[in-house]
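# Structure at a glance
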Amino acid sequence: MSPVPDPSGSTRHDCPDPPRVPTPHLRITTAKLPGTAVIVRIDGEADQEDRRKLDDALSRALQDRPPRLVIDLAGQTFCYSVCLNALLAARMDARAAGVEMVLAAPPPQTMRLLEITGTDELFTVRSSVRAALAGAREIG
């Protein structure tokens, strides 16, 4: 690299920009366990552009009124307010439909967001999908 004069009179070396790490795209998958639960797995991170996709997936999961809706957050890389708001809306829809909603395996950042916002008191949270299906004790 060749030195580049700085207006202050000193010399600096231009360094190439660090490689850009792509943001993990949101991926939502759904599994139905007839008579037991619907499991919605959220992988990656949801930003404002993904809100409708997330809302639609959660609404579809509630259409048949399963006994339990398990939202698997194990693959979530970051939870923005967009995702939290979608989860809160799904919670209200689930309650209105008589469906138990459980958050499974939230990563530490997501748990911290729930705690900071006080919404950890609103959600049933389990350490894994297996625990959510079994109705095991809450984490924390």
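In the block above lies the structure referred to throughout.
All figures in this text were calculated on a predicted structure; none of them were measured in a lab. Starting afresh in each chain, residues are numbered from 1 along the sequence in its written order. Where local features are concerned, this predicted model is filtered to residues with pLDDT of at least 70; where side-chain atom pairs are given and counted, the filter is 80 or more; whole-chain, interface and lining totals use all residues. Side-chain figures throughout are based on the complete set of non-hydrogen atoms in the structure, without hydrogens or water.

## Some thoughts on the state of the cysteines
- When the sulfur atoms of two cysteines come within 2.5 Å, that pair is taken as a disulfide. Under the criterion given, the structure shown has zero disulfides.
- Free cysteine Cys79: the closest other cysteine sulfur is in Cys83, separated by 3.9 Å.
- Take Cys83: its relative accessible area is 0%, and that puts it in the buried class. Summary of the burial criterion: residues with accessible area below 20% of their type's maximum are buried, those above 50% are exposed, and those between are partly exposed, where the area comes from a 1.4 Å probe applied to protein chains only.

## Section: the pattern of salt bridges
- Salt bridges are counted wherever a side-chain nitrogen of Lys or Arg sits within 4 Å of a carboxyl oxygen of Asp or Glu. Per the stated rule, a full pass over the model turns up six salt bridges.
- Where Arg41 meets Asp43, a salt bridge forms, and the shortest distance between an N and an O atom there is 3.0 Å.
- Residue class for Arg41 comes out partly exposed when judged on its relative accessible area of 28%.
- With relative accessibility at 11%, the residue Asp43 sits in the buried group.
- A salt bridge links Glu100 to Arg68; its shortest N-O distance comes to 2.8 Å. Of this pair, Glu100 sits in strand β7 (residues 100-104) while Arg68 sits in strand β5 (residues 68-72), and the two are 32 residues apart along the sequence.
- The class of Glu100 is partly exposed, set by a relative accessible area of 32%.
- In the salt-bridge network here, residues are joined through shared partners; they are Arg27, Arg41, Asp43 and Asp72. In DSSP terms, a helix is any run of H or I states spanning at least four residues, a strand is any run of E spanning at least two, and both are numbered starting from the N terminus.

## Notes on the packing of aromatic side chains
- Each pair of aromatic rings taken from Phe, Tyr and Trp, with Trp reduced to its six-membered ring, is defined by centres within 6.5 Å and is described as stacked if the planes are under 30 degrees apart, edge-to-face if over 60, and tilted in the remaining cases. Scanning the entire structure with this criterion turns up one aromatic pair.
- Between Phe78 and Tyr80, the aromatic rings sit 4.6 Å apart at their centres with planes inclined by 65°, giving edge-to-face as the arrangement.
- When its relative accessible area of 31% is taken as the criterion, Phe78 is described as partly exposed.
- With a relative accessible area of 33%, Tyr80 lands in the partly exposed category.

## Quick notes on the environment of Arg41
- Note that Arg41 resides in strand β4 (residues 37-45).
- Put simply, Arg41 and Arg27 are 14 residues apart on the chain and 8.0 Å apart in space, counted from C-alpha to C-alpha.

## Focus: helix α2 (residues 81-97)
- Expected helix span is computed as 1.5 Å times (number of residues minus one). Here α2 is 17 residues long and its end C-alpha atoms lie 24 Å apart, about the 24 Å a rise of 1.5 Å per residue gives.
- Of all the residues in α2, the buried ones are Val82, Cys83, Leu84, Ala86, Leu87, Ala90, Arg91, Ala94 and Ala97.
- Working rule for contacts: check all heavy atoms of both residues, and any pair within 4.5 Å makes them a contact. The elements touched by buried residues of α2 are α1 (51-62), β5, β6 (76-78), β7 and α3 (108-117).
- After α2 finishes, the residue Gly98 shows a positive phi value of roughly 75°.

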